[in-house]
Amino acid sequence: MNPSTSTKIIAVLGGVAAFLGTAAIFLAAIGRPPFATLMQMALYAFGDSYSLSESLVKATPILLCALSVILPARLGLITVGAEGQLYFGALTGTAVVVSYPAAPMIVLMPAMLVAGAAGGAFWSGVAGLLRARSNVNETISTLLMNYVAVLLVSYVIYGAWKDPTSLGWPATIPFPKAATVPSVFGTRAHAGLVVGIIAAVILHIAVTYARWGLALRVLAGNRKVASMAGFDFNRQTLLVMAIGGALAGFAGICETSAIQGRLQAGISVGYGLTGFLVAWLSGQHFLRAIPIAVLVGGLIAAGDALQLYAKVPSASATIMQGLLFAVALGASGLAGKRTTRHG
Amino acid sequence: MAEPLVTLSAIRKQFGSVLANDDVSLTINGGEVLALLGENGAGKSTLMKILYALYAADGGTILIDGRPTSFASPREAMAAGIGMVFQQFSLVPALSVLENLLAALPGAPWLQPRRSARVQAALRWLTRLAPNINPGTAVRALSVGERQLVELAKVLNLNARVVILDEPTSVLTPAEAERLYGFIRTLAAEGKAVVLITHKLADIAACANRIIVMRGGRIVDAAPARERSPEALVDAMVGRGVVGSLPVPAAPTSHVPVLQVRGLTAQVQGPFVRHVSFELAAGEILGIAGVSGNGQFTLAETLAGLVPASTGDVVLDGVSIASRAHDGAIAGSVAYIPERPLDNAVVAELDLALNLSLREARRLPLFPRRETIVRRAEALMARYDVRPPRPALGASALSGGNLQKLVIARELSRKAKLVIACYPAMGLDVLAAQAVYREMFRQAADGACVVWISEELDDLLSYAHRIAVMHDGAIMGIVRREDADRQVLGRWMAGHGRNAA
């Protein structure tokens, strides 16, 4: 076994142990039996088909948002805009549904999904265009555009698109059956998950084996040499931002259609930011993001369940999620240090 | 000053197969500014780094105050009164000027009172050199020239008697350079010895008392400064009489211009190109001579389309190619060999096989086969003698010379319409350099226009069809090889126009 593989395994095992340790301390501190609660969480996350399906439901938007961060990262761009792109995709997808609620499924479903993805692509593409044209920092622009997208959604659900029959509850009309993304495997998990996994595999193949991946690596490595090779940074910036945005926008419309059933405030519980963290944990690797997204989805689902059944405060799950990310980043950082010292 | 402060005798230093210093002997006297003149790679910095104990000499002796000495580290050299200011400064940008100066004093205490004798000692030289620098300012807020003065104050604080300045004016504006010349003269007047490592003739004229010219690791000339004209110094620096054995490239058959450069002006952070115009026929080789740092590299990047031209145009075969490098058509017809290949010609994160495929990258199949790329790389590496010939190595694993060969393999192995070569033989031994020239001339024979930037005036005079001299971003003049006169070229290099001298 070569040293880098063994280092990685040590890092993963060490990270898991450190997470369980800190989580146990936290649970003990809030007066819960640590071991039993952790076991219970594992069961709530992956113990039966219902828990598993809930975990996958959470994992779906997280995975799609993670992919939307990883692709620009391959070009050296850092975007934190998945949340806004998710909201904007939900908005544009919903626009189709509220405009033609009676359209047949064969028209409405694809139109809605395409509109959602296009919305996300547009929202992210704006940041990409600003970067390409005027060298505006994409991290800042995507961050700020998040707020705009979330508020735009609030604007329509309190205003023009508010369902008059909803007795004042700010939400659109319920999506018709023709606009409900089908669930898969007989669970609440929906087709978005399948799309996310397929997208991860395709993107992985494209950046690893295709000429396009070479272009991204050359551009990320040395812009001047990339110019000599005939690669255009501005064009690729627009492209990766748009593709990433499309994935996040797709996550938004799927979440709205399959899980919420209508556009309302709070369609995302921080999926965009969680996706960003998953992307970093995966080392900006498309395939590794899949299991990590599922794990994190499980943690969030288990947190919800704990809150319901074990009367643990609702913030606990978020705190434990934070512990997981902090510990995992720390572990991989330490492993990196170890590698450099030995290498 | 009866006795020299420092005497170096028969210093020898070898890096791999390159002899950086070959039997070099010189003396450094107090109260005198000694200019160590030479082109890049002439061995002048190496020599001074040996004195400063950064490198250990392979042979020779160092006498300080007449006593044989061998320092184990720069710390010991500093204790003996030898200080060196490098091209890369060693200041901490986040700390204030005072903090930087204090940190450099030996024996820093745990607690530093605000008004102690130590603070006074730390500021002693700074207040003389640059009274307008506030010691509380963070170093990162200073200009490059100010940083250099702080660096100099740091060295002087350690009671340096010999102050070595490595290319000090290369980062300065003319006004800052003037001020520095003043300080250098003052230091010498106070009895200190100043060694000025430089390749700029302006530095010599401004403050040198004595000149030592180095070329190829040896001293080729030594004289009091006022006994040498700039032309003589250029001659000594670039050398004459090194006869090449390559066949002289045949004259171009047609005179129809293929490359037209018209009124080209461009600037990238400092070095600039001003109103450069010339025309080249197919197969014509234009040599561009000049003291380095006079805009040659910017001209090369502009011709290659990597730097946008602010005015003017570059037309190749009827098509404008200015600032259109990422246009696929241009990537295919221009061959470009930049200076500093690790920064400018390769992607350090990619392996050698991929780096070799970059010029073809746009024409690779959608899913390139790794085997094909590797096999092609192996063939190229064998043909151009890139060592070690392992395509899976990272680009940063190669030595400078081998990296240069790799770039030349990539750029010159295909047929180009325009070849831009920036110091293509730098870092190569004579045989490898000749191999590079042969490839370049073959491109010309196949009909490419060749723009060849070089500091080797002898090579240009032997092979180029015409020779242009660049000074301060402008072309001072262009002559045909047959009409070229070293005296005239030297005058142009020194910045004197056709009529001025």
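Treat the numbers as computed from the prediction; the structure is a model and nothing was measured.

J.: How would you sum up the overall build of chain B? Please name residues and give values.
T.: Summing up its helical and strand segments, chain B has 17 helices and 20 strands in all. Here the C-alpha radius of gyration of chain B, 25 Å, is about what a compact globule of 501 residues would show, namely 23 Å. C-alpha atoms of chain B, sized along the principal axes, occupy 70 × 55 × 45 Å. The proportion of buried residues among the 501 residues of chain B is 48%. When contacts within chain B are restricted to residue pairs at least 6 apart in sequence, long-range pairs at least 24 apart make up 69% of them.

J.: Pulling in residues and values, what's your account of the sheet that holds strand E6 (residues 82-85) of chain B?
T.: Residues and elements named next belong to chain B. Taken together, 6 strands build an open sheet; the order of strands is E6-E7-E8-E3-E9-E10 and the sheet is mixed. Two strands in the sheet have a free side with no partner beyond their single neighbour: E6 and strand E10 (218-224). For this sheet, the mean angle separating the axes of adjacent strands, direction not counted, is 15°. Both E6 and strand E7 (residues 162-166) contribute to a ladder of 4 bridges, which runs parallel. Counted as the bridge partner of Ile82 is Val162 from E7. Its contacts with the sheet put helix H5 (residues 144-157) on E6 and E7, and the angle it makes with E6 is roughly 170°.

J.: Give me helix H4 (residues 82-99) of chain A: which residues, what numbers.
T.: Helix length check: H4(A), at 18 residues, gives a terminal C-alpha distance of 26 Å against a target of 26 Å (1.5 Å per residue), a fit within 8%. Where burial is concerned, most of H4(A) is hidden: 15 out of the 18 residues are buried.

J.: Just give me the short version of unusual backbone geometry, but keep the residues and values in it.
T.: The phi angle of most residues is negative, glycine excepted, and most peptide bonds adopt the trans form. All names here are of chain B. We note that Asn159 has phi near 60°; this positive angle belongs to a residue other than glycine. If you trace the backbone, Asn159 turns up in the loop between H5 and E7. Residue Asn159 is classed as exposed on the basis of its 11 C-beta neighbours within 10 Å. Despite not being glycine, Asp472 shows a phi value in the positive range, around 55°. Looking at where Asp472 falls in the secondary structure, it is placed in the loop between strand E19 (466-471) and strand E20 (474-480). Classification of Asp472 as partly exposed rests on a count of 14 C-beta atoms within 10 Å.

J.: Help me get a handle on the sheet that holds strand E2 (residues 18-28) of chain B, residues and values and all.
T.: Residue and element names in this part refer to chain B. Here 4 strands make up an open sheet; going across it, the order is E2-E1-E4-E5 and the pairing antiparallel. Of all the strands in the sheet, the pair left with one neighbour each is E2 and strand E5 (67-69). For this sheet, the mean inter-axis angle between neighbouring strands, taken without regard to orientation, is 30°. With 5 bridges connecting them, strand E1 (residues 6-15) and strand E4 (residues 59-64) associate as antiparallel partners. Residue Ser9 lies in a different strand from E4, and its bridge partner there is Thr61. Lying over the sheet, helix H1 (residues 44-51) contacts E1, E2 and E4, oriented at roughly 115° with respect to E1.

What counts and how
One numbering rule holds for all chains: residues counted from 1, following each sequence as written. Chain letters and ligand numbers both follow the written order, the letters beginning at A and the numbers at 1. Local features in this predicted model are restricted to residues whose pLDDT is 70 or higher, and side-chain atom pairs enter the listing and the counts only when it is 80 or higher, whereas totals over whole chains, interfaces and linings include all residues. We count a stretch as a helix when DSSP gives it H or I for four or more residues in a row; a strand needs E for two or more, and each element gets its number in order from the N terminus. Radius of gyration: over C-alpha atoms. The globule rule applied is 2.2 Å multiplied by the number of residues raised to the 0.38 power. Remark: C-beta atoms are placed from the backbone, and a residue is labelled buried if 20 or more other C-beta atoms sit within 10 Å of its own, exposed if 12 or fewer do, or partly exposed between those counts. A pair of residues counts as a contact when their C-beta atoms, built from backbone coordinates, are separated by no more than 7 Å. We call two strands paired when DSSP finds no fewer than two bridges between them. Only the stretch in contact is used when fitting a helix axis, every axis being a line fitted to C-alpha atoms; angles between N-to-C directions are given from 0 to 180 degrees. Residue count minus one, scaled by 1.5 Å, sets the expected span of a helix.

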